[in-house]
There are 4 protein chains.
Amino acid sequence: MAMTGVLRPGHVQIRVLDLEDAVRHYRDVLGLEETGRDASGRVYLKAWDERDHNSVILRQDDRAGIDFMAFKVDSDATLDKLEADLRAHGVTTTRIPAGELLQTGERVRFEIPSGHQIELYARKTFVGSELGQKDPKPYMAKFDKGIAPMRLDHALLYGPNVDKVLEIFTQVLGFHLTEYVTLPDSDVKGALWLSCSNKAHDIAFVIHPEPGKLHHVSFYMESWERVLRAADILASNDVKVDIGPTRHGITRGGTIYAWDPSGNRFETFWGGNSSYPDLPPIEWSWEGLGEGGGLDVAARKMHETFLTVVT
Amino acid sequence: MAMTGVLRPGHVQIRVLDLEDAVRHYRDVLGLEETGRDASGRVYLKAWDERDHNSVILRQDDRAGIDFMAFKVDSDATLDKLEADLRAHGVTTTRIPAGELLQTGERVRFEIPSGHQIELYARKTFVGSELGQKDPKPYMAKFDKGIAPMRLDHALLYGPNVDKVLEIFTQVLGFHLTEYVTLPDSDVKGALWLSCSNKAHDIAFVIHPEPGKLHHVSFYMESWERVLRAADILASNDVKVDIGPTRHGITRGGTIYAWDPSGNRFETFWGGNSSYPDLPPIEWSWEGLGEGGGLDVAARKMHETFLTVVT
Amino acid sequence: MAMTGVLRPGHVQIRVLDLEDAVRHYRDVLGLEETGRDASGRVYLKAWDERDHNSVILRQDDRAGIDFMAFKVDSDATLDKLEADLRAHGVTTTRIPAGELLQTGERVRFEIPSGHQIELYARKTFVGSELGQKDPKPYMAKFDKGIAPMRLDHALLYGPNVDKVLEIFTQVLGFHLTEYVTLPDSDVKGALWLSCSNKAHDIAFVIHPEPGKLHHVSFYMESWERVLRAADILASNDVKVDIGPTRHGITRGGTIYAWDPSGNRFETFWGGNSSYPDLPPIEWSWEGLGEGGGLDVAARKMHETFLTVVT
Amino acid sequence: MAMTGVLRPGHVQIRVLDLEDAVRHYRDVLGLEETGRDASGRVYLKAWDERDHNSVILRQDDRAGIDFMAFKVDSDATLDKLEADLRAHGVTTTRIPAGELLQTGERVRFEIPSGHQIELYARKTFVGSELGQKDPKPYMAKFDKGIAPMRLDHALLYGPNVDKVLEIFTQVLGFHLTEYVTLPDSDVKGALWLSCSNKAHDIAFVIHPEPGKLHHVSFYMESWERVLRAADILASNDVKVDIGPTRHGITRGGTIYAWDPSGNRFETFWGGNSSYPDLPPIEWSWEGLGEGGGLDVAARKMHETFLTVVT
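Each chain carries its own residue numbering, running from 1 in the written order of its sequence. Whichever chain is written first is A, and whichever ligand is written first is 1; the rest continue in order. Where totals are concerned, whole chains, interfaces and linings use all residues; where local detail is concerned, this predicted model gives features only for residues with pLDDT of at least 70, and gives and counts side-chain atom pairs only at 80 or more.

### Points about the sheet that holds strand β17 (residues 265-271) of chain C
Residues and elements named next belong to chain C.
- Should DSSP find at least two bridges between two strands, the strands are regarded as paired. Runs of E in the DSSP output that reach at least two residues are strands. Runs of H or I that reach at least four are helices, and both are numbered from the N terminus. The strand order across the open sheet built from nine strands is β15-β16-β17-β14-β10-β13-β12-β11-β18, with neighbouring strands paired in mixed fashion. Looking at strand neighbours, the two that pair on one side only are β15 (241-247) and β18 (282-284), the edges of this open sheet. Sheet twist, expressed as the average angle between the axes of neighbouring strands with direction ignored, equals 20 degrees.
- As paired strands, strand β11 (residues 176-182) and β18 are joined by three bridges and run parallel to one another. Across the sheet, Tyr180 pairs through a bridge with Glu283, a residue of β18.
- A residue pair is marked as a contact if its C-beta atoms, positioned from the backbone, fall within 7 Å. Between the N-to-C directions of two axes lies an angle of 0 to 180 degrees, each axis being a line fitted to C-alpha atoms and, for a helix, fitted only over the stretch in contact. Contacting β11, β12 (189-195) and β13 (203-207), helix α3 (residues 162-172) crosses the sheet at an angle of about 20 degrees to β12.

Printed below as a string of structure tokens:
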């Protein structure tokens, strides 16, 4: 009851073209903390307010993009149950052994109809934040090292069959739909924002012909002022910005989209509506997404890169 | 799974000494919207980002305080199940018929060992926000009418037997403990912050000899700057402030405590940690609550009113 | 000594194509207060933190743009002295009689080599702010009526001969140059930011073949959050945004550029460097203005409209 | 004309009981940059947005307090003229040779009737900010090292004869009175806020029987959020806070007062009204200072320490 089952986005594995360039970006510019490297060369990082060992894993490859996105569930029993439920829904699952990712337990992996690999897992080593668990101080220097988001917040994924994706997330995994966009002159939901919490979204999808594509991985900022500071830091590090600072009409969150050195888009995101499963989702028309400010409250237009640039 | 069962604080019924004074405060200074009055004279209000018909009910009485606090659950089935679970746990429950509160379904009421009346309900009329459900605009004048919090956020209640309260909320209702304070030279948890979501808290308790007491009802502000604006508006309306603007070490939220015309404390609250049931709660010592900044990061002292002034 | 001579931008007279459309924009969207209309039909407005009778005057015409921009000086003696100094510098001046603008004393008007009409005046009726002059409250509802800037801050004007304009403002009127941009492959200052105070700028110029053009009139916002609120209000009123929210590298101020219903650009501006006449101006290359983020820290590019759209 | 004569607070020399404790505070907690030490052991610091070599000088002594506060003037000629004007006004002046303070030219020192040593000087080595003078980046790590104020903003000094102090600052030095407090049941100005710019104040005085006392030295913060961050950093370094975060009604600035390790109060200050010499000062009654929120908008009371704790 209350917060159970699927809890939150737990980790994403991102493919980067040059590992050390990527580490410099995610560690020194974005300001994540490097928490480990594994035998295969992957680099693990976490944000300062995250308590589990890692949330971002970088893997060098000759093609940018996302390998998989994982959600932490509340128990081994939930992991078993959700695996069974997925299979009952016709979704093929596989088990990745504990330890395949550093400090991470067994994972249930499955491909969703948009072509993305999604994972569930119940265990990842609690390392805590540097503030500690007893009488914590309100400040540490890590808050201000680079952009320094609080956490991995969500990802936006592009691929086909988002109607079937919606079924899996809402009927099997317990997510609720918070906002959606209908395609032009149509009732078809072409873009979905989904939450397993009372956050504005924990994952989102946009319909796209190519499967398995990454639009962006999003990191949470504590304030709109921290979004501006992110812009300042990006500029000072010659990191190219795509959109923002602005507000999304969808989710009402403040945002900057920018690209890592491999061309993977990331977001520094602030605020956003709270959401609850009993509240009807907010509907956006295609015009609402563009001219109506769903994407960009200030510019109120469709940015061409939003629909075309993915990895 | 995910957000299920108990969803959120749904309504509080507050006793006020003079109804029209109270309406002026909650409507014109705090900036809630009046949504109805019932035959018994009670006044119903909601915040601008709330979608259900009411969240604050004012009842005139010769004694200030809180009549009851209620949580919305996700379905009638959950309501039935939680009622059964409460009874199995030894808690007496009663059903309040639908319609006893305007636009609100049947409620399951029970007294917890701290002497407070808590309610669960599954239905309250969805009225939406003025922004609407389709292609909403990002702004409406209501955002700036009075202090204009987004929502009822939580309440802090004072009473005895908080250990037994903890059991009910965590073992029966599915809440998780996010932070707690131990009494001086003791392991006894004397103060509890509890969440049924990934908010920092949805309800909190402090041990106190008198049962059924209200420390404060809290309303959510979108930013630290809006907390300062609240201070400005309170000052301009000669509303007495208790504590703040400051940050609580506990929850990390920004805060002002102040009193309504009847002496009921309310809070304008911003931010706060996210919480998840798999993360261990943060522990505060008694000294941590006071000198350690648990209550007030800036002043780092125990404010005497915090422990003594309740309604 | 200290703040003497030319004090601040006092008023601008803006040409609008439809007076009532313009009033709706400047009064209801931007949130200025209408303080009067004169026999010729001009409408006078002021911002909430301005104490003199008016700062923006709207005049209906069949061509948008700016009629004149005026600076308040500290005394009649200064007015006389500056008029003499201007003439000694070879600038033709004329006197506009007191009362030609409502509640405004005699003005010394002169055309500068960029083709703009500039005025100096020493007297305008003090009307105060609604907060009053004794024991003022910290808040009034006017702070939140529309975008509600604190004041007219500066204007950016486009025209030829900015080198000669620089001479007049620094050698005659006592301004200091705070930042400038050199033209491509050149030492020629093609854009100037000038201050008569310790503000980042009180007036600015960009070289342009057509004389007397208006790039934008700027209004001051108390915070970066208020700039976002401006974006929200503009969007909700279907006002087209040109650039922003972002930070200018030049001045370090937060900004939104948008257009009034007649096509006159205005800015909602926050922050900005302090400036002093003893500090050397900051130099920007042409690439620095564009790719270096001088115009837009986030996008780091030259927006084509910046150089081409003026009224 | 415009900004001439006295430009801004240039430096303060503060007496500290333990030099290295003080350096740790001003450099590591407050976040000023150490720019030098002289033969007599004094330590020189500056804030990140200051361009001259130093603004805070720490001198070890067995008694805390302020040795002197100095203002930079625009030229040697002004220095000579103001010295002559001071003498004509009956103020004794002495010349301190260039180089007595590191990187600082000749200073004109004089005691004002409140018992404080005030200095004027025209030259201090321009060292610039780390961002540089050409195509500056918008961010450097120094922005976030400690509290990191932008600049020395003003000081509040306590002593007798503030009426005579007012004369010197307004009639000789060209400051204008921006706000003042009258003593109880009296027209006597007991507290003065004075500006030589369009800042809310560059120096302030409160009447007090003991001469030459320091109430606080103030440092400027870019936003209200940075004031909260200052509170967090102070708490994390166990620095005792006196008042705040709150807003002063007087100046409308956001504030925290706290004490350095020697007991000298300092302020982290944000915002504040703009001021101009043609605008009448705002008047505060004694009740307005306390209950009216002149000192503290939120608490609206006289804090006892405000009147009694000085160094």
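### Describing the domain arrangement of chain A
Residues and elements named next belong to chain A.
- We note that the domain assignment places domain 1 (6-126) and domain 2 (147-308) within chain A.
- For each domain, the first and last residues come from an automatic or database assignment. Put simply, the middle of domain 1 and the middle of domain 2, counted by C-alpha atoms, are 20 Å apart.
- Facing the 36 residues of domain 1 at the interface are 38 residues of domain 2.
- Counting only elements with at least two residues in the side of domain 1 that touches domain 2, the list comes to β2 (6-16), α1 (19-29), β6 (65-73) and α2 (76-88).

### Details of the interface of chain A and chain B
- With 44 residues of chain A at the contact, the number on the chain B side is 44 residues.
- Looking at the side of chain A that touches chain B, the elements that each hand over two or more residues are β1 (2-4), β2 and β18 (282-284) of chain A.
- Bridging between β1(A) and strand β1 (residues 2-4) of chain B involves three bridges; their strand directions are antiparallel. By the bridge assignment for β1(B), Ala2(A) is matched with Thr4(B).

### Observations regarding the interface of chain A and chain D
- Of the residues lining the interface, ten residues belong to chain A; the matching set on chain D comes to ten residues.
- Per-class residue counts for the side of chain A that touches chain D are four nonpolar, two polar and four charged. For this classification, the nonpolar set comprises Ala, Val, Leu, Ile, Met, Phe, Trp, Tyr, Cys and Pro, the charged set comprises Asp, Glu, Lys and Arg, and every other residue, Gly included, is treated as polar.

### Considering the packing of helix α4 (residues 224-236) of chain A against helix α4 (residues 224-236) of chain C
- The contact between α4(A) and α4(C) brings their axes to 9 Å, and the two run at 95 degrees. Judged by the inter-axis angle, α4(A) sits roughly perpendicular to α4(C). Together, Trp224(A), Glu225(A) and Leu228(A) of α4(A) and Trp224(C), Glu225(C) and Leu228(C) of α4(C) make up the contact between the two elements.
- In the contact of α4(A) with α4(C), the residues fall into four nonpolar, no polar and two charged. Each angle gets one of four labels, with under 35 degrees taken as roughly parallel, over 145 as roughly antiparallel, 65 to 115 as roughly perpendicular, and the rest as oblique.

### Brief notes about the nonpolar core
- Membership of the largest hydrophobic core comes to 394 residues, with the highest contact counts inside it found for Ala231(A), Ala231(B), Ala231(C) and Ala231(D).
- Dropping the residues within four chain positions of it, Ala231(B) is found in contact with Val241(B), Pro245(B), Ile256(B), Thr246(D), Arg247(D), Val297(D) and Ala298(D). We define the nonpolar core as any set of buried residues of the types Ala, Val, Leu, Ile, Met, Phe, Trp, Tyr and Cys, connected via C-beta atoms lying within 7 Å of each other. With C-beta atoms placed from the backbone, a residue is labelled by how many other C-beta atoms lie within 10 Å of its own: buried for 20 or more, exposed for 12 or fewer, partly exposed between the two.

### What about unusual backbone geometry?
- Each neighbour pair has its own omega, and for Gly244(A) with Pro245(A) the value is 5 degrees, a cis peptide bond.
- Here Arg300(B), not a glycine, exhibits a phi torsion of approximately 40 degrees, which is positive.
- Here Arg300(B) is to be found in the loop between α5 (286-289) and α6 (304-308).
- Residue Arg300(B) is classed as buried on the basis of its 23 C-beta neighbours within 10 Å.

### Some points on the pairing of strand β4 (residues 43-46) of chain D
All names here are of chain D.
- Side chains Val43 and Leu45 project from β4 onto one buried face, and the interleaved Tyr44 and Lys46 project onto a second face that is buried too.
- Where strand β3 (residues 33-37) lies against β4, four bridges are found, and the strand directions are antiparallel. Directly across from Glu33, in β4, lies its bridge partner Lys46.
- What sits between the antiparallel neighbours β3 and β4 is a turn of five residues, in which Gly41 has the positive phi angle 95 degrees.
- Pairing of β4 with strand β5 (residues 56-60), which is carried by three bridges, proceeds in the antiparallel orientation. Bridge pairing in β5 links Leu45 to Val56.

### Let's talk about helix α4 (residues 224-236) of chain B
All names here are of chain B.
- Every helix has an expected span of 1.5 Å times one less than the residues it contains. The end-to-end C-alpha separation of α4 is 19 Å, in line with the 18 Å expected for 13 residues at 1.5 Å each.
- With twelve of its 13 residues buried, α4 lies for the most part within the structure.
- When we look at burial in α4, the residues that qualify are Trp224, Glu225, Arg226, Val227, Leu228, Arg229, Ala230, Ala231, Asp232, Ile233, Leu234 and Ala235.

### A word on the relation of the copies chain A and chain B
- Between the two copies, chain A and chain B, the superposition gives an RMSD of 0.0 Å; the rotation angle is 180 degrees and the shift along the axis is 0.0 Å. Such values leave the two copies arranged in the relation of a two-fold axis. Rotation axis and chain A: the residue whose C-alpha lies nearest the axis is Met3(A), separated from it by 2.5 Å.
- The residues that chain A uses at the interface reappear at the interface of chain B in 100% of cases, marking a shared surface. A least-squares superposition brings the copies together, and it is based on the C-alpha atoms of residues with pLDDT no lower than 70 in both.

### Observations concerning the sheet that holds strand β2 (residues 6-16) of chain C
Residue and element names in this part refer to chain C.
- Pairing in this open sheet of eight strands is mixed, and the strands run β3-β4-β5-β2-β6-β9-β8-β7 from one edge to the other. Two strands close off the open sheet at either side, each with one partner strand: β3 (33-37) and β7 (93-96). Recorded for the sheet is a direction-independent mean angle of 25 degrees between the axes of neighbouring strands.
- Direction of pairing for β2 relative to strand β6 (residues 65-73): antiparallel, over a ladder of eight bridges. Across the sheet, Gln13 pairs through a bridge with Phe68, a residue of β6.

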